[in-house]
Every structure is written in structure tokens, then in C-alpha cells.
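# Architecture and fold: a report
In case you want the letters, here they are:
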Amino acid sequence: MFTKAELAILKKAIEQAELNTSGEIRVLIEKKCTLTNSMERAQHLFVKHQMHQTKNRNGILLYIAYKTKQIAIYADEGIYKILPPSYWQSTIDTLIIEFKESNYIPGICNAIHDIGVKLQTYFKYDKTTDVNELSNEIIQE
């Protein structure tokens with residue numbers, strides 16, 4: 001769905017969003033969701049890619065299945081306890097609006113940025129102990 005240049009833009013957005021937080025953001029893109037419920041698929045992929053193994057349980061997966069037009073955001077328990085379901089739904093709703101206008105890369109980058117701001121609020125960066133626990137590469141299934 002995306003070119004190498006567009007994937008690089010998304011990776012850079014993740015890097016920027018994670019600069020001042022110990023939180024981890026990943027984007028996973030696949031053609032079709034193999035389950036009826038995209039959140040269940042996101043949860044499965046979250047575990048498959050070992051995102052639940054971050055120190056503070058503050059990983060977030062932005063899941064996009066472009067052929068079946070499904071989006072889900074799965075947050076690990078550390079961040080999910082803090083931010084209400086309405087925040088995640090609002091982020092998805094905004095992405096849907098952007099996608100309807102074919103603003104895929106800007107829409108995803110804005111979502112990543114907003115999630116990064118939230119992570120910075122609740123999961124501060126400590127330069128003496130924090131490491132990038134999860135790759136910033138975009139996962140394509």
C-alpha cells in the first residue's frame with residue numbers, strides 16, 4: 001500500500017513521537033484482516049510481535065487492514081489503564097476521516113504524534129535507563 005519513502009516518513013514519525021517518552025508505538029499494516037473483529041486481530045498481532053514485553057507495559061499498536069478498511073489501536077495494560085476507551089475511539093474516528101480524504105500518511109502521522117504526546121504525559125523519558133524496546137520499522141504482514 002505504501003512506498004518505501006512513505007514507510008520512511010511513518011518510521012520518522014514514530015521516532016519523533018517516542019523522543020520524550022518510554023512508551024513504544026508500532027504500526028502494522030496488512031491487506032486484509034483475517035478476523036471479523038479488528039481489535040481481536042490487533043491483540044493477536046500485539047502478542048505475536050512481543051509488544052507486551054516492554055518494561056512499563058506501555059506499547060501501542062496501530063493496526064491497519066487496508067483492503068478490508070479496518071483500523072484498531074491496541075494499547076498494553078500500562079497505558080490502557082490511564083487513557084479511556086473514548087480516547088482510542090476518537091483517534092480511530094479521526095483516522096477514518098483522514099482515510100476517506102485519501103490522507104493516509106498525514107493521518108497516520110498525526111495519530112502517531114497525538115499518541116506520542118499522550119505517552120509523554122504519562123510515561124516520561126529517563127535518559128539514564130530508557131532504551132528503544134521495540135523497533136520503529138513499520139510491520140507489513
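Preceding block: the structure.
Summarised in this report is the structure supplied together with it.

### Some points on the side chain of glutamate 24
Locating glutamate 24 in the fold gives a position in strand S1 (residues 24-30). Buried and unpaired, glutamate 24 has arginine 26 as its nearest opposite-charge partner, separated by 7.0 Å. Here the side chain of glutamate 24 touches leucine 134 through a polar contact of 3.4 Å, landing on its backbone nitrogen. If sequence neighbours within four positions are ignored, glutamate 24 has contacts with Glu18, Thr54, Asn58, Gly59, Ile60, Leu119, Val131, Asn132, Glu133 and Leu134.

### Topic: the packing of helix H1 (residues 4-17) against helix H5 (residues 104-122)
Each pair of packed helices gets described by two things: the angle between the helix axes and the distance between those axes. Axis separation between H1 and H5 bottoms out at 8 Å; the angle between their running directions is 15°. With respect to H5, the axis of H1 lies roughly parallel. You can see that H1 and H5 cross each other, and the crossing is right-handed. Packed against H1, whose contacting residues are Glu6, Ile9, Leu10, Ala13, Ile14 and Ala17, the element H5 presents Ile105, Ile108, Cys109, Ile112, Gly116 and Gln120 at the interface. Of the residues belonging to the contact of H1 with H5, the class tally is nine nonpolar, two polar and one charged.

### Here's the deal with the nonpolar core
Ranked by internal contacts, the top residues of the largest apolar core, which has 31 residues, are Leu10, Leu62, Trp88 and Ile108. Going through the elements one at a time, H1, S1, strand S2 (59-65), strand S3 (70-75), helix H4 (85-100) and H5 are the ones with two or more residues in this core. With seven residues, the top contributor of residues to this core is H5. Not counting residues up to four positions away in its chain, the partners in contact with leucine 62 are Arg26, Val27, Leu28, Ile71, Ala72, Ile73, Leu95, Ile108 and Ala111.

### Structural notes on the sheet that holds S1
Taken in spatial order, the four strands make up an open sheet running S3-S2-S1-S4, and their pairing is mixed. Sheet topology places S3 and strand S4 (139-140) at the edges, where each strand pairs with a single neighbour. As paired strands, S1 and S4 are joined by two bridges and run parallel to one another. The partner of isoleucine 29 across the bridge, within S4, is glutamine 140. Lying over the sheet, H5 contacts S1, S2 and S3, oriented at roughly 155° with respect to S1.

Parameters at a glance
Residues numbered from 1 in each chain as written. Predicted model: local features only at pLDDT ≥ 70, side-chain atom pairs only at ≥ 80, totals over all residues. Heavy atoms only, no water. Helix = DSSP H or I, 4+ residues; strand = E, 2+ residues; numbered from the N terminus. Buried < 20%, exposed > 50% of the residue type's maximum accessible area, 1.4 Å probe, protein only. Lys, Arg positive; Asp, Glu negative; His and termini not counted. Salt bridge = Lys/Arg side-chain N within 4 Å of Asp/Glu carboxyl O. Polar contact = N/O pair within 3.5 Å; in protein donor to acceptor, adjacent residues only side chain to side chain. Contact = heavy atoms within 4.5 Å. Axes fitted to C-alpha atoms, helices over the stretch in contact; angles between N-to-C directions. Parallel < 35°, antiparallel > 145°, perpendicular 65-115°, else oblique. Left-handed = near helix turned anticlockwise from the far one by under 90°. Nonpolar A, V, L, I, M, F, W, Y, C, P; charged D, E, K, R; others polar. Core = buried A, V, L, I, M, F, W, Y, C linked by side-chain atoms within 4.5 Å. Pairing = 2+ DSSP bridges.

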